[in-house]
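Descriptive analysis of the structure
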Amino acid sequence: MASKTRKKQQATQVDQAASQANGQAVQLQVPSKPIHFEQTFETYPAGAYTHEELGLSREDLLAIYRNMLLQRRFEERAAQMYGKQKIAGFLHLYIGEEAVSTGAAWSIKIGHDSVITAYRDHGIALALGMTANECMAELFGKIDGCSRGKGGSMHFFKAEKKFFGGHGIVGGHVPLGVGIAFAHKYKEDGGVCLTFFGDGAMGQGTVHESMNLAALYKLPIVFIIENNQYAMGTAVWRAFANTEFYRYAANYNMPGALVDGMDVFSVMKALRKYVALAREYQPSVLEVRTYRYRGHSMSDPAKYRTKEELEAKKKEDPIIRLKSYMLQHGLSTNEELDAIDDDVKKEVQASVEFAEKSPYPPLESIYEDVYAQPDYPFLA
Ligand SMILES: Cc1ncc(C[n+]2csc(CCOP(=O)(O)OP(=O)(O)O)c2C)c(N)n1
């Protein structure tokens, strides 16, 4: 009994010490009037920004266009190669979501800032400047792949780009993003961590624990929810009581915003602001609304949505949007943009040839690149 009281006293002292450290007294009173709670969330709609206000030159636009097209053509070819059984295991395509990856990559210092994502990772890898060769070879399971052919589609990595994957457990990598952001703060290197995940991951407790810690520790992180409307075959409205994901930011005392992910300019505009805030140790949550044109993976016929829905979304295509913008503003010509497409197709075709020629990793390498500790002898 006495020890229980002592423990209770100690716990109270800890509580008080914590609240005093924050400069606040413990408030346990219940107010007599209803509590009114107000929160503002910024929005970044499509078609609202010009290249001039984003400080983008014609050359920048051509590079952005090329990059989105590279992701599209790369994955179209990957789908074909999967059909030919050149690629085994899973293949989750990002087609339709390219404005998110490209807009984000153009908003950070690549190689200085960190990026981590789930299993739909090809687009982000290519946006960060990883080559079609190393990405296609990885899909083929070959040694010249970015993960030496041992990761495959869901596990693209590249240390020089500070790209920390490619992770297959839904929401499982989000605490890793928080850890990476913690490392940036600890080392005082000025870097931030972009942590991407899908709408489906919002149902995972670990995502919420991660957001809480990031806000508590004031970490340089931007949580980017790529809301493509479906987690496997489940529409968000069937899985979530609150489908307005940006609002979850309020639960953790962070700013939140809603971004149109079909417009690369909207993504850039938002990301620039929230990356700058992260550099000042203000974490945030961005819900980026986008759409995947293909099934969840190659084995998904996507019967849970109508053809009409898909066709309507394709009208918002981010690549066509940018193309129309450049044509309308006299920044490029159809011929010039077609030539870029031809060039991209050649690059992708070359990557298939490269992947074909690259050897499989030797069997002896199976235990290389595996984390091992002396007290875990079965891994040594
Ligand atoms: C913990 C866990 N549960 C279930 C799965 C099976 N699974 C793989 S992807 C997926 C859907 C995730 O959807 P979302 O996070 O929205 O990503 P998207 O596919 O839309 O990019 C599920 C349930 C898994 N990989 N990990």
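Quick note: structure is the one above.
A brief report on the enclosed structure follows.

The rules behind the values
- Residues numbered from 1 in each chain as written.
- Predicted model: local features only at pLDDT ≥ 70, side-chain atom pairs only at ≥ 80, totals over all residues.
- Heavy atoms only, no water.
- Core = buried A, V, L, I, M, F, W, Y, C linked by side-chain atoms within 4.5 Å.
- Buried < 20%, exposed > 50% of the residue type's maximum accessible area, 1.4 Å probe, protein only.
- Helix = DSSP H or I, 4+ residues; strand = E, 2+ residues; numbered from the N terminus.
- Contact = heavy atoms within 4.5 Å.
- 1 Å grid on protein atoms, 1.4 Å probe; cavity = no way out; pocket = protein on both sides within 12 Å on 5 of 7 lines; lining within 4 Å.
- Points joined across faces, edges and corners; volume = space filled by probe spheres on them.
- Nonpolar A, V, L, I, M, F, W, Y, C, P; charged D, E, K, R; others polar.
- Pairing = 2+ DSSP bridges.
- Axes fitted to C-alpha atoms, helices over the stretch in contact; angles between N-to-C directions.
- Near = heavy atom within 4 Å.
- Polar contact = N/O pair within 3.5 Å; in protein donor to acceptor, adjacent residues only side chain to side chain.
- Areas by Shrake-Rupley, 256 points an atom, 1.4 Å probe, with all protein chains shown as cover.
- Sits in = over half its atoms within 2 Å of the grid points.
- Lys, Arg positive; Asp, Glu negative; His and termini not counted.
- Salt bridge = Lys/Arg side-chain N within 4 Å of Asp/Glu carboxyl O.

In this structure, L194 and F265 are the most contacted members of the largest nonpolar core, which totals 76 residues. Broken down by element, this core gets its largest block of residues, 11 residues, from helix α2 (residues 58–83). Not counting residues within four places of it along the chain, the set of residues in contact with F265 comprises Y49, T50, H51, L54, L56, L61, L322 and Y325. In this structure, V207, I221, Y248 and M254 belong to the second largest nonpolar core, which totals 25 residues.

By volume, the largest pocket is sized at about 390 Å³. As for the largest pocket, its lining consists of 24 residues, and the residues nearest its centre are Y119, R120, V170, G198 and H296. With 3 residues, the single largest contributor to the lining of the largest pocket is strand β3 (residues 193–198). Taken together, the residues of the lining of the largest pocket sort by class into 11 nonpolar, 9 polar and 4 charged. Taken as a whole, the second largest pocket holds about 250 Å³ of empty space. Along the walls of the second largest pocket sit C146, S147, R148, K150, G151, E368, D369, V370 and Y371, which together make up its complete lining. Counted by class, the lining of the second largest pocket contains 3 nonpolar, 2 polar and 4 charged residues.

A word on the sheet that holds strand β4 (residues 221–227). If you walk across this open sheet you meet the 6 strands as β1-β7-β8-β4-β3-β2, and the pairing is parallel. Looking at the sheet topology across the chains shown, the edges are occupied by β1 (42–44) and β2 (114–116). Across the sheet, the mean angle from the axis of one strand to that of its neighbour is 20°, orientation sign disregarded. Sheet topology note: the β2/β3 ladder contains 3 bridges and is parallel. Bridge assignment links S114 to a residue of β3, and that residue is C193. Here helix α7 (residues 205–217) sits on the sheet in contact with β3, β4 and β8 (284–289), set at roughly 150° to β4.

Moving on to the site of the ligand. Taken together, 15 residues lie around the ligand, and Y119, R120, G200, N228 and Y230 are the ones closest in. At a separation of 3.5 Å, an oxygen atom of the ligand approaches a polar side-chain atom of H296. In the complex, the protein chains occlude 72% of the 590 Å² of accessible area that the ligand would expose alone. Its atoms largely coinciding with the cavity grid, the ligand occupies the largest pocket. Broken down by class, the residue content of the shell around the ligand amounts to 7 nonpolar, 6 polar and 2 charged.

For the rest of this paragraph, the subject is the environment of W106. Counting through the fold element by element, W106 comes out in the loop between α3 (98–105) and β2. Residues W106 and L128, 22 residues apart in the sequence, show an inter-C-alpha distance of 8.5 Å. Apart from the residues lying within four places of it in its own chain, the contact partners of W106 are A63, I64, N67, A127 and M268.

Time to look at the side chain of D121. Mapped onto the fold, D121 is located in the loop between β2 and α4 (122–127). No salt bridge is formed by the buried D121; its nearest oppositely charged neighbour, R120, is found at 9.1 Å.

None of this, on its own, says anything about what the molecule does.
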